[in-house]
Amino acid sequence: MNAYRLFRRAIGDNVVLILDSGDHLRGFFGDSDAPSMTVWVNRDLPDAAAMFVLDHELYHIRDTAKNWIWREIKANVYSGFLHPVGFCQVVG
Ligand SMILES: [Zn+2]
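This report concerns the structure included in the present document. Note that the structure is a prediction, hence the values are computed from the model and not measured. (Residues numbered from 1 in each chain as written. Predicted model: local features only at pLDDT ≥ 70, side-chain atom pairs only at ≥ 80, totals over all residues.)

## Description of the nonpolar core
Then, number 1: With 18 residues, the main nonpolar core has Leu6, Val39, Val41, Ala50, Val53 and Leu54 as its most contacted residues.
Then, number 2: Where this core is concerned, the elements lending two or more residues are helix H1 (3-12), strand S3 (38-42), helix H2 (47-62) and helix H4 (84-91).
Then, number 3: Broken down by element, this core gets its largest block of residues, 7 residues, from H2.
Then, number 4: If near-sequence neighbours (up to four positions away) are discounted, Leu6 is found in contact with Met1, Leu17, Val41, Ala50, Met51 and Leu54. (Core = buried A, V, L, I, M, F, W, Y, C linked by C-beta atoms within 7 Å. Buried ≥ 20, exposed ≤ 12 C-beta atoms within 10 Å, placed from the backbone. Helix = DSSP H or I, 4+ residues; strand = E, 2+ residues; numbered from the N terminus. Contact = placed C-beta atoms within 7 Å.)

## Let's talk about unusual backbone geometry
Then, number 1: Phi at Arg26 takes a positive value of approximately 50°, unusual for a residue other than glycine.
Then, number 2: Mapped onto the secondary structure, Arg26 falls in the loop between strand S1 (16-20) and strand S2 (30-33).
Then, number 3: Judged by the 9 C-beta atoms lying within 10 Å of it, Arg26 is exposed.
Then, number 4: With phi around 50°, Met37 is a residue other than glycine that occupies positive phi space.
Then, number 5: The residue Met37 is located in the loop between S2 and S3 in this model.

## Section: the pairing of S2
Then, number 1: Here S2 shows one buried face, formed by Gly30 and Ser32, and one open face, formed by Asp31 and Asp33.
Then, number 2: Bridge count between S2 and S3: 4 bridges; the pairing is antiparallel. Paired with Gly30 across the bridge in S3 is Val41.
Then, number 3: Hairpin connection, S2 to S3: the antiparallel pair is bridged by 4 residues, and Met37 has positive phi, about 50°. (Pairing = 2+ DSSP bridges.)

## Things to note about the environment of Cys88
Then, number 1: Tracing the sequence through the fold places Cys88 in helix H4.
Then, number 2: Overall, the presence of 13 C-beta atoms within 10 Å leaves Cys88 in the partly exposed class.
Then, number 3: On a C-alpha basis, the gap between Cys88 and Trp68 in space is 21 Å, while along the polypeptide they are 20 residues apart.

## Concerning the packing of H1 against H2
Then, number 1: At a minimum axis separation of 10 Å, H1 and H2 run at an interaxial angle of 15°. Comparing their axes, H2 and H1 come out roughly parallel. For the element pair H1 and H2, the recorded crossing hand is right-handed. Contacts between H1 and H2 involve Leu6, Arg9 and Ala10 from the first element and Ala50, Met51 and Leu54 from the second.
Then, number 2: Partitioning the contact of H1 with H2 into residue classes produces 5 nonpolar, no polar and 1 charged. (Axes fitted to C-alpha atoms, helices over the stretch in contact; angles between N-to-C directions. Parallel < 35°, antiparallel > 145°, perpendicular 65-115°, else oblique. Left-handed = near helix turned anticlockwise from the far one by under 90°. Nonpolar A, V, L, I, M, F, W, Y, C, P; charged D, E, K, R; others polar.)

So yeah, pure geometry; function would need other evidence.
Right, here's the structure in full:
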């Protein structure tokens, strides 16, 4: 994973990025917490997948929708267009 690229992206969005080794995510790809502006990305992901997960979680940070399924669809479509290879690695 290109950690430098991920941190550049997160800093640009004023978000705290944690490259998680499993303590928080427990095997999941990513997570986000809007109140603390924090995003977790699984540090074992390949580069494209990590970028997909990061932009997916950054979308969640700013999304005000409440419906869980609708939130996931929007975050996947948004990040999938930015990182199609990462989308396939994570979702496919
Ligand atoms: Zn999500």
